[in-house]
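Observations on the three-dimensional arrangement
Spelled out from the first residue to the last, the chains are:
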Amino acid sequence: MEIKVCCWTSCKKRHSKYIIKRIKNDIKFFNLENVEVKESLCMWMCSKWPNVKIDNEVFNNSNPIKISNIMLKKLWIKKNK
């Protein structure tokens, strides 16, 4: 799973760095494999910031808890297919 977090000006002001920190903590805490988190340049949805892309699906108005829950749910679904 690839997770890209926009860290451009608008998203950065809305704490996108904390989203990255939360994801990295979740990866470590849950001992997750095959999850890669990256900083991204602008996703061109600045009015809906911060923006996060998980496996080519974009989530707007993100926060650390929301993205953590989405990531864990997607991983659970993949595991149980």
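Structure shown above.
Attention in this report is confined to the structure presented alongside it. (Residues numbered from 1 in each chain as written. Predicted model: local features only at pLDDT ≥ 70, side-chain atom pairs only at ≥ 80, totals over all residues. Heavy atoms only, no water.)

Describing the overall build of the protein
Test applied: Secondary structure follows DSSP: runs of H or I at least 4 residues long count as helices, runs of E at least 2 residues long count as strands, and numbering of each begins at the N terminus. Radius of gyration means the value over C-alpha atoms here, while the globule rule gives 2.2 Å times the residue count to the 0.38 power. Exposure is judged per residue with a 1.4 Å probe applied to protein chains only, and the accessible area is read against the type maximum: over 50% gives exposed, under 20% gives buried, and values in between give partly exposed. For the area figures, the Shrake-Rupley method with a 1.4 Å probe applies, and any residue is considered shielded solely by the protein chains shown.
Scanning the protein from N- to C-terminus turns up three helices and four strands. Reading the secondary structure of the protein in the N-to-C direction produces β-α-α-β-β-β-α. In summary, the protein has a C-alpha radius of gyration of 12 Å against a globular reference of 12 Å for 81 residues, a match within 12%. Seen through its principal axes, the protein has C-alpha atoms that stretch 35 × 20 × 20 Å. Taking all 81 residues of the protein together, the buried fraction comes to 35%. As displayed, the protein offers around 5600 Å² of accessible surface, 52% of which is attributable to carbon and sulfur atoms.

Some remarks on unusual backbone geometry
Of note, the bond from Trp49 into Pro50 is cis; its omega dihedral lies within 30 degrees of zero at -10°. Looking at where Pro50 falls in the secondary structure, it is placed in the loop between β2 (36-40) and β3 (52-54). In this structure, His15 takes a positive phi of about 70° despite not being glycine. Here His15 lies in the loop between α1 (9-13) and α2 (16-29). Even without being glycine, Asn56 reaches a positive phi, approximately 70°.

Observations regarding the side chain of Asp26
Note the following rule: The contact definition used throughout considers only heavy atoms, calling two residues in contact when any of these lie within 4.5 Å.
Take Asp26: it is sitting in helix α2. Relative accessible area serves as the criterion here: at 7%, Asp26 is assigned to the buried category. With residues near it in sequence (within four places) discarded, Asp26 still touches Asn31, Leu32, Ser68 and Met71.

Just geometry here; none of it tells us what the structure is for.
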